[in-house]
Amino acid sequence: MNNILINGYAETLNCKYCGKTYTSRGKNDPGYCKDCEREHGYASSHLSGGNEAFEKVEGYVQAAINIAKNDIHGYSMQNRDGYPDYDCSSLVCHVVQDAGIPVMDNGASYTGNMREAFIKSGFIPVKVNLATCDGMKRGDILLNDQSHTAIYIGNKQIVQAGGPDGHPEPGDQTCREIQVMNYYNFPWSAVLRYPYNAGSADEIEPDAPYVPEHTNHEDYPEIIRYGDWGDEVLELQKKLKVLGYYKGELDGRFGEQTLSAVMQFQSKNRLAMDGEVGPLTKAALNERYEEVEDKNLGVVELGQVIYFKGGKARLAANAEFGRNYEPGRAKITAVRLEAKHPYHLAPVIGGSTVYGWVDSRQIGEE
């Protein structure tokens, strides 16, 4: 039985982190059981006069982790209020609001207005190393104002809600729609921190990532993941580079830059943002890559020398005006598939002097 009132206070309560029923500590009960206090190192500020801000941060971090572990909750952009599903921004906003920080009261509802609302609620922007996550603290809010957000939970891990492609049903159909995973740079445009004096926040061990059995690498060897290397990764990098997502070297190693490129591709194409290249991501990647081949008459490799038919080349990929150049051979140095003028050309010896962004119809055979 729950919430039995004794002398005006509930005798039994449900722990806000693990959900277990426990005996109330009276008027100043902190809202979580003693097992969670011992396991996760929570400071009982209501009981001991501790750091209330620190407890709020721990509250929303652990709430997000528990949601990720519970397959009742999945990802949805249509039904995102937590009954039972979330999208990336509603997950972050709800757990922070529920921890006692009024971000939603101050207007936070999606990634585009989160920065202003979170700063109004007491968060401050901090400078950290986005590539390595050095300088981040447990509870930092990672934000890309245009499309994504996550919570850093320490030990180079984050918790986030990703995309549901192929899994529109309520709840988590893949055990990865909302998950704890290794840190990656989306890229983030801001890192927001709720100030607290407890320097031990980084030292608290977060729960180990929840990895369901059916995602083990040996069970699904066709999935390409962080840490893999070889020809498959090299081919992946080439395609992501041609599509404009991957900026690193073609080294055949699935590292941080490749992970970030995969996540950006998945976000753009409404796929589950799990950083893994499985059947759905492979199919979408191949489809987009083939579109480039169709538009570009088979010219898909960066650095490839092609024939420029002549005409205008623009200084920016979406610019209207440009300079006219004579026809001749040129090199493709960049691709931005979604731009008005998706291919950047540069001169080669004995060829055209063209330098700038051109259309696919300006590229052909000599």
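What comes next is a walk through the structure. (Residues numbered from 1 in each chain as written. Predicted model: local features only at pLDDT ≥ 70, side-chain atom pairs only at ≥ 80, totals over all residues. Heavy atoms only, no water.)

## Some details on the side chain of glutamine 179
Inference 1: Structurally, glutamine 179 is set in strand S9 (residues 178-182).
Inference 2: With near-sequence residues (within four places) excluded, glutamine 179 lies in contact with Ala68, Ile158, Val159, Gln160, Met273 and Asp274. (Helix = DSSP H or I, 4+ residues; strand = E, 2+ residues; numbered from the N terminus. Contact = heavy atoms within 4.5 Å.)

## Let's talk about the packing of aromatic side chains
Inference 1: One pass over the structure, following the stated rule, counts 8 aromatic pairs.
Inference 2: Considering the side-chain rings of phenylalanine 123 and tyrosine 194, the 5.1 Å spacing of their centres and the 50° angle between planes classify their relative orientation as tilted. Here phenylalanine 123, found in the loop between helix H5 (111-120) and strand S5 (124-125), pairs with tyrosine 194, found in the loop between strand S10 (190-193) and helix H6 (231-242); they are 71 residues apart in sequence, far enough to count as distant. Of the two residues examined, phenylalanine 123 and tyrosine 194, each falls in the buried class.
Inference 3: Ring pairs connect the aromatic residues Tyr60, Phe118, Phe123 and Tyr194, which therefore count as one cluster.
Inference 4: Taking NZ or CZ as reference, lysine 239 lies 5.4 Å from the ring centre of tyrosine 289, over its face.
Inference 5: The cationic tip of arginine 253 hangs over the ring face of tryptophan 229; the distance from NZ or CZ to the ring centre is 5.9 Å. (Phe/Tyr/Trp six-rings, centres within 6.5 Å; stacked < 30°, edge-to-face > 60°. Buried < 20%, exposed > 50% of the residue type's maximum accessible area, 1.4 Å probe, protein only. Lys NZ or Arg CZ within 6 Å of the ring centre and 35° of its normal.)

## Section: the sheet that holds strand S6 (residues 141-144)
Inference 1: Pairing is antiparallel in the open sheet, where 6 strands are placed in the order S5-S10-S6-S7-S8-S9. Each edge of the open sheet carries a strand with a single partner, namely S5 and S9.
Inference 2: Looking at chain direction, strand S8 (residues 157-161) and S9 are connected through 5 bridges and run antiparallel. Along S9, the bridge assignment pairs glutamine 157 with asparagine 182.
Inference 3: On top of the sheet, helix H4 (residues 88-98) reaches S6, strand S7 (148-154), S8 and S9; it is set at about 50° to S7, its chief contact. (Pairing = 2+ DSSP bridges. Axes fitted to C-alpha atoms, helices over the stretch in contact; angles between N-to-C directions.)

## Observations regarding the nonpolar core
Inference 1: Core analysis: the biggest nonpolar cluster contains 37 residues, and Tyr60, Val95, Val96, Phe118, Phe123, Ile141 and Ile151 have the highest contact counts within it.
Inference 2: Elements with a minimum of two residues in this core: helix H3 (52-69), H4, H5, S6, S7, S8, S9 and S10.
Inference 3: The dominant element in this core, judged by the number of residues it contributes, is H3, at 10 residues.
Inference 4: Setting aside residues up to four positions removed in sequence, valine 95 forms contacts with Tyr60, Ala63, Ala64, Ile67 and Ile151.
Inference 5: Ranked by size, the runner-up nonpolar core spans 31 residues in total, among them Ala150, Tyr184, Leu236 and Val277. (Core = buried A, V, L, I, M, F, W, Y, C linked by side-chain atoms within 4.5 Å.)

## With respect to the packing of H6 against helix H7 (residues 256-268)
Inference 1: In contact at an axis separation of 11 Å, H6 and H7 are set at 55° when each is read in the N-to-C sense. Considered as vectors, H6 and H7 are oriented oblique to each other. Note that H6 runs across H7; the crossing there is left-handed. In this structure, H6 uses Leu236, Gln237 and Leu240 to contact H7, whose residues at the interface are Thr258, Ala261, Val262 and Phe265. (Parallel < 35°, antiparallel > 145°, perpendicular 65-115°, else oblique. Left-handed = near helix turned anticlockwise from the far one by under 90°.)

## Considering the sheet that holds strand S11 (residues 305-308)
Inference 1: Taken together, the 5 strands give an open sheet; going across it, the order is S16-S15-S14-S11-S17, and neighbouring strands pair in antiparallel fashion. The sheet is open, and its two borders are formed by strand S16 (356-358) and strand S17 (363-364), each paired with just one other strand.
Inference 2: Sheet analysis places strand S15 (residues 343-347) next to S16, joined by 3 bridges and oriented antiparallel. Within S16, the position partnered with tyrosine 343 by the bridge is valine 358.

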